[in-house]
Amino acid sequence: FQSMERKLELETVIGFSGKPRGALVCTRFNEMNYLVHSIGSTLVLKNMDDPSDQTFLQGHSDRIACMALHPVDSRILASGQVTHMGFLAPILVWDLEARAIVCTLQLHKVSVAALAFSPSGEFLASIGGEDDNNLVVWHVDVENARGIAICGAPAAHDIALAVVWAKASDDTLITAGRENLRVWNFDVGERKVRPIDCQLGQTRRCFTCLVVSDDDKHVYAATETGDVLEVSISERLLRRIGPKQRIARQITAAALDFNGNLVLGSGDALTVITPDEFKVVATIGADQISGQVTSITAAPSGELLIGTTVSNVYAVQYARHPSGKGAVLDTVTLKSTCHNDKINDVAFPRGYSELFATCSAADIRIWHLASASELLRIQVPNLECNVIAFNPKGSAIISGWSDGKVRAFGPQSGKLLYVINDAHKLVGVGNPSGGTVPANGVTALCVTNAGSRLITGGADGQVRVWKLDTGAQVMIASMKEHKGPVNDLR
């Protein structure tokens, strides 16, 4: 007897983990452009010219927390993860072309907070999370598929959050975090890193991002308080603080654009400032970007890709300045989107597999399967959609919500067709352990084959039958046998 079981193969993923900082990386090899991002413990390698061409790299055992791309060989990428208390959090070095792990590096406890390759790509610097807080410099030998820890030291007296190398030297790197900004001298011969604290005077900040100028003279340290400090790398001395009017929220992402200007992501806004005067030259607000900006990366096509905490990816295009010198921000386009919370239900129309619907915290979305693109979004603020179903004709999306109501929407327009008020009690009856149930209101529903009856189940343990007529929805039966919430109906 031979088992007929086959492992399900992942074909397409919609969305990405937008909460880790630096969760988007653009690269190019074999004359093709790729976007690398994480979803939980999986790395997704996506062809930017063909979104359906996706490869899934699995090797991590828990959520990926940070990534770094090799500056010389664009096929090599390092990724670090979080793990459980008492365990080591591995760093995996990947060959993206071969879709394989080159080597595994393990020294940090619980989590890896940040990664950065040296300019030559020979060395990799890593910072552990707050339970570790050590800086480790690794020698990464890609040809022989091995990595060796050269040296390490406590990154700071307090938490360290960012690390970056000088752009032209493997001898200098900078770390920053909560009230600490250090320039390190790396001596590979003596296998040591020696820190020198930057002289900031009375200035106290929590630094979140680091960007080194192209000439290696300055490092720009972005902060939680919405300002940027310019610090001389050679003198370790504070030069300037700006802009004059602080950015409203903490800066969570920073990069240099094609003009050499600083692009800062803070909250649901993008601010561009000049590095010489800290003058604000462009701003993109919440009317164009949704969610907190966590990633800024330059695409080979000449645009910036912006990732946010609500799993949205935006492309920021540049246009030539009217004066003919440099470029200016032109348009912002939503490239991809997905739910940013747990998905409660998935439904296909009867006899039709090209479209499907999903529901999450506050919205219902209709997707086109072949292109993995969103066609329609239905939102009800401050409520959670627990369950969805199509009626047999596919002319309505019927949904159950946490406020105890059933709502039906048109699948093409998203227009509200009808509402059944008080379909089920708002508060569930509890669970066997004595606590309250996580789901509330309407928790299950299905429509009969004829489409004339709707059956709903709730967190109150009741099952109800509704007659669906044009312009009226009437309850014709109510049954109470369950002692807990109704999870499914067929």
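Just so we're clear, the structure is a prediction, and the values are computed from it rather than from any experiment. (Residues numbered from 1 in each chain as written. Predicted model: local features only at pLDDT ≥ 70, side-chain atom pairs only at ≥ 80, totals over all residues. Heavy atoms only, no water.)

Draft legend 1. Spatial organisation of the nonpolar core. Residues Leu135, Val137, Val163, Trp165, Leu173, Phe186 and Val193 are the most contacted members of the largest nonpolar core, which totals 18 residues. When contributions to this core are tallied by element, the ones reaching two or more residues are strand E9 (112-117), strand E10 (123-128), strand E11 (134-141), strand E12 (146-154), strand E13 (160-165) and strand E15 (180-187). Sequence-distant contacts of Leu135, defined by excluding residues within four places in its chain, comprise Ala125, Ser126, Ile127, Cys151, Gly152, Ala153, Pro154, Ala155, Val163, Leu173, Thr175 and Trp184. (Core = buried A, V, L, I, M, F, W, Y, C linked by side-chain atoms within 4.5 Å. Buried < 20%, exposed > 50% of the residue type's maximum accessible area, 1.4 Å probe, protein only. Helix = DSSP H or I, 4+ residues; strand = E, 2+ residues; numbered from the N terminus. Contact = heavy atoms within 4.5 Å.)

Draft legend 2. Local environment of the pattern of salt bridges. Overall, the coordinates contain 19 salt bridges when judged by the stated rule. Between Asp187 and Arg194 there is a salt bridge whose closest N-O contact spans 3.9 Å. With a shortest N-O distance of 3.4 Å, Arg246 and Asp227 are connected by a salt bridge. Taken together, the residues span a long stretch of sequence, with Arg246 in the loop between strand E20 (237-242) and strand E21 (251-256) and Asp227 in the loop between strand E18 (218-223) and strand E19 (228-232) at a distance of 19 residues. The exposure class of Asp227 is buried, given its relative accessible area of 1%. (Salt bridge = Lys/Arg side-chain N within 4 Å of Asp/Glu carboxyl O.)

Draft legend 3. Fine view of the side chain of Ser266. Residue placement: Ser266 occurs in strand E22 (residues 262-266). Of the residues examined, Ser266 reaches a relative accessible area of 4% and is grouped as buried. Those residues in contact with Ser266 that sit more than four places away from it in its chain are Ile247, Arg249, Gln250, Ile251, Thr252 and Val293.

Draft legend 4. Just the environment of Pro392, in detail. Take Pro392: it is sitting in the loop between strand E33 (385-390) and strand E34 (397-401). Separated by 247 residues in sequence, Pro392 and Ala145 have C-alpha atoms that sit 56 Å apart.

Draft legend 5. Examining the packing of aromatic side chains more closely. One pass over the full model with this rule turns up five aromatic pairs. Taking the centre distance of 4.6 Å and the plane angle of 15° together, the rings of Phe29 and Tyr34 count as stacked. Seen from their ring centres, Phe123 and Phe186 are 5.1 Å apart, and the 75° between their planes marks the pair as edge-to-face. One end of the pair, Phe123, is in strand E10; the other, Phe186, is in strand E15, and 63 residues separate them in sequence. Judged by its relative accessible area of 5%, Phe186 is buried. (Phe/Tyr/Trp six-rings, centres within 6.5 Å; stacked < 30°, edge-to-face > 60°.)

Draft legend 6. Highlighting the sheet that holds E18. Reading across the sheet, the four strands line up as E17-E18-E19-E20 and stay open at both edges, with antiparallel pairing between neighbours. Pairing within the sheet leaves two strands with one partner each, and these edge strands are strand E17 (207-212) and E20. Taken over all neighbouring pairs, the strand axes of this sheet differ in orientation by 25° on average, direction set aside. Pairing of E17 with E18, which is carried by five bridges, proceeds in the antiparallel orientation. Across the sheet, the residue bridging to Leu210 is Ala221, located in E18. (Pairing = 2+ DSSP bridges. Axes fitted to C-alpha atoms, helices over the stretch in contact; angles between N-to-C directions.)

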